[in-house]
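Residue-level listing of the chains:
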Amino acid sequence: MTDYDRTHILTYARLLDAERDDYDWTDVAMEVLDLDVAADPGGAKSCWQSHLDRAHWFVDGGFAA
């Protein structure tokens, strides 16, 4: 587990909760990651997806590898 992961555990949980509850990715990117989706939709989606992927990796035991 990196220092980055330690500081983003709550963010990972919020992303996973939003995914479970089927929230629109744009709303999650704005509310959880504080991204300006309108200014850079592609960059925002990439950032949201990479954080969500990291959250899945983290809870699936990737940090233990």
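Here the residue numbering is sequential within each chain, running from 1 through the sequence in written order. In keeping with the predicted nature of the model, local features appear solely for residues at pLDDT of at least 70, side-chain atom pairs appear and are counted solely at 80 or more, and the whole-chain, interface and lining totals rest on all residues. Excluded from the side-chain calculation are hydrogens and water; included are all heavy atoms of the structure.

## A short note on the environment of Val-32
- Along the chain, the position of Val-32 falls in the loop between helix 3 (25-31) and helix 4 (41-59).
- Using a 1.4 Å probe on the protein chains alone, a residue whose accessible area is under 20% of its type maximum counts as buried, one over 50% counts as exposed, and one in between counts as partly exposed. The exposure class of Val-32 is buried, given its relative accessible area of 17%.
- Sequence separation of Val-32 and Ala-18 is 14 residues, and the distance between their C-alpha atoms is 9.4 Å.
- When checking whether two residues touch, look at their non-hydrogen atoms; a contact exists if any pair is within 4.5 Å. Other than its neighbours up to four places away in sequence, Val-32 contacts Thr-11, Arg-14 and Leu-15. Counting from the N terminus, the helices are the DSSP runs of H or I reaching at least four residues and the strands are the DSSP runs of E reaching at least two.

## Structural notes on the side chain of Asp-5
- The topology assignment puts Asp-5 in helix 1 (residues 3-7).
- Residue Asp-5 is classed as buried on the basis of its relative accessible area, which comes to 0%.
- Apart from the residues lying within four places of it in its own chain, the contact partners of Asp-5 are Tyr-12, Arg-54, Trp-57 and Phe-58.

## Details of the confidence of the model for the chain
- Chain-level pLDDT for the chain is 92 on average; 95% of the residues reach the 70-or-more range.
- Each residue carries a pLDDT score, the predictor's own confidence in it, on a scale running from 0 to 100. Ranking the elements of the chain by mean pLDDT puts helix 1 last with 86 and helix 3 first with 98.

## A closer look at unusual backbone geometry
- Of note, Asp-22 is a non-glycine position whose phi angle comes to about 60 degrees, a positive value.
- Position of Asp-22 relative to the elements: it lies in the loop between helix 2 (9-20) and helix 3.
- A positive phi angle is found at Asp-34, which is not glycine, with a value near 55 degrees.
- The residue Asp-34 is located in the loop between helix 3 and helix 4 in this model.
- The exposure class assigned to Asp-34 is exposed, which follows from its relative accessible area of 68%.

## A word on the nonpolar core
- Definition used in this section: a nonpolar core is a set of buried Ala, Val, Leu, Ile, Met, Phe, Trp, Tyr and Cys residues joined via side-chain atoms within 4.5 Å. In this structure, Leu-15, Trp-25, Val-28 and Trp-48 are the most contacted members of the largest nonpolar core, which totals 15 residues.
- Those elements giving two or more residues to this core turn out to be helix 2, helix 3 and helix 4.
- Considering each element in turn, this core owes the most residues, 5 residues, to helix 4.

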